[in-house]
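What follows is the residue order along each chain.
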Amino acid sequence: MLPKWFDEWNRENPTDIFGPAILVGALGGAIFIAAMLVAFGQPFATKSIQTGPRGTGMSVTEFINDVERPDPTIEDYLTEEPYPPQPGDVLARDIYENVQVLGDLTEDNFNRLMNAMTFWVAPEQGCAYCHGDGDLETYGEDNLYSKLVSRRMIEMTQNINENWDGHVNANKEVGVNCYTCHRGQNVPSDIWFRITPVVDAMTGWGAVQNRATVQSQSTSLPSDALETYLLDYGIIGVHDLESRVAGSPADEGFRSIQDTERTYSLMNYIDNSLGVNCVFCHNSRAFYDTAEVTPQWATASLGIAMVQELNNDYLVPLGELYPEERLGPIHQDAPKAACRTCHKGYQQPLQGMNMIADWPELTKSEAPEYE
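From a predicted model like this one, the values you see are computed outputs, not experimental measurements.

Caption draft 1: Highlighting unusual backbone geometry. Cis geometry marks the peptide bond from Thr196 to Pro197, where omega comes out at 0°. For Pro197, the location among the structural elements is in the loop between helix H8 (178–182) and helix H9 (225–230). Positive phi, normally seen in glycine, also occurs at Asn98, with a value near 60°. With respect to the secondary-structure elements, Asn98 resides in the loop between helix H3 (64–67) and helix H4 (107–121).

See the structure below:
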């Protein structure tokens with residue numbers, strides 16, 4: 001029991017003891033958490049890629065659990081080491097009929113690659129996806145569109161590895177094979193078709209934007225960026241240091257506001273495809289100055305040129321072979337590729353896994369070299 005005078009004094013002189021207690025508790029908790037972070041590390045640690053000079057903000061910072069999240073398709077990848085050719089080995093073209101590509105392979109390596117392709121592209125249908133349900137004697141026939149397309153896709157893969165080394169092997173040997181795009185599916189994900197116009201009630205520029213589409217990354221930006229820049233060889237160059245430039249979009253060579261919007265649409269698509277932001281390739285101080293870009297800018301530029309070639313020389317011409325259900329829903333056009341077809345949200349497809357280490361047959365159109 002406290003003295004009576006003490007109780008009376010407290011009643012007459014009330015004091016807020018809860019505010020200071022909360023303040024002391026909050027400060028103590030913050031100090032404790034800071035001490036734990038120093039002692040045990042940041043629970044959500046970040047990882048950054050320095051893309052430009054320090055102090056310029058040119059770095060790509062991501063949580064490690066995001067940037068290093070495992071690609072779920074990696075565990076389904078099938079690979080097999082090649083069989084070193086031996087003197088006297090018979091070549092595939094001398095055994096099988098109608099071998100128009102890969103004929104320089106030995107029988108063992110030819111069958112090894114064919115087996116892998118079934119897992120990469122048609123794990124459920126197997127060999128029948130390209131060769132039908134007939135006997136082995138019928139495998140030389142070209143009755144199915146899937147076989148004709150596959151033959152051309154093998155040539156495309158060899159072309160990528162042989163002639164676009166500066167893009168696919170920019171950092172280290174990575175290369176591509178069928179699984180890079182297909183990931184166990186007959187038709188790769190993230191292909192695209194022409195879909196413009198997208199606003200039927202309007203004509204002119206409004207007919208290509210202001211509707212969320214896959215091509216515009218669900219924004220109101222133009223939906224024809226992939227078509228313009230990755231198919232029609234449109235020039236990506238819209239920056240001007242003047243706020244107003246004389247001219248009309250109808251003038252040849254005039255870089256209009258509409259071109260700028262379309263460029264933003266493409267850049268937004270590329271960023272999402274690789275899981276990066278603008279400063280991965282550009283100096284945010286001067287986006288227009290190619291003398292201040294990062295090394296990744298050159299790699300990306302090669303990638304754009306590569307996709308232009310793939311679409312025009314390989315994919316679009318196959319439109320006459322595809323059945324109706326494989327063509328685009330609006331223009332009945334052939335499926336086409338873009339950055340996300342391979343990258344699927346990662347800076348490097350399959351997180352930089354070497355896709356040609358075991359497959360020298362896909363690195364060039366000539367006879368492969370085995371170590």
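Caption draft 2: Representation of a nonpolar patch on the surface. Taken together, the side chains of Leu2, Trp5, Phe6 and Trp9 present a nonpolar region at the surface, about 490 Å² in accessible area. Note on placement: Phe6 falls in helix H1 (residues 4–12). Taking relative accessible area as the criterion, Phe6 reaches 32% and is therefore assigned partly exposed.

Caption draft 3: Structural detail: the side chain of Thr157. Relative to the helices and strands, Thr157 resides in helix H6 (residues 145–163). Non-local contacts of Thr157, meaning those with residues more than four positions away in its chain, are made with Val176, Asn177 and Leu362.

Caption draft 4: Quick peek at the nonpolar core. Core analysis: the biggest nonpolar cluster contains 35 residues, and Met156, Ile160, Leu226, Leu230, Leu266, Ile270 and Met306 have the highest contact counts within it. Elements with a minimum of two residues in this core: H6, H9, helix H10 (257–274) and helix H11 (295–315). With six residues, H11 is the largest single contributor of residues to this core. If we skip the residues at most four places from it in the chain, Ile160 touches Asp165, Val168, Val176, Met306 and Leu310. With 21 residues, the next largest nonpolar core counts Ala122, Tyr129, Cys178 and Tyr179 among its residues.

The rules behind each value
Residues numbered from 1 in each chain as written. Predicted model: local features only at pLDDT ≥ 70, side-chain atom pairs only at ≥ 80, totals over all residues. Heavy atoms only, no water. Helix = DSSP H or I, 4+ residues; strand = E, 2+ residues; numbered from the N terminus. Patch = residues over 30% accessible without salt bridge, like charges linked within 9 Å, V, L, I, M, F, W, Y side chains within 5 Å. Areas by Shrake-Rupley, 256 points an atom, 1.4 Å probe, with all protein chains shown as cover. Salt bridge = Lys/Arg side-chain N within 4 Å of Asp/Glu carboxyl O. Buried < 20%, exposed > 50% of the residue type's maximum accessible area, 1.4 Å probe, protein only. Contact = heavy atoms within 4.5 Å. Core = buried A, V, L, I, M, F, W, Y, C linked by side-chain atoms within 4.5 Å.

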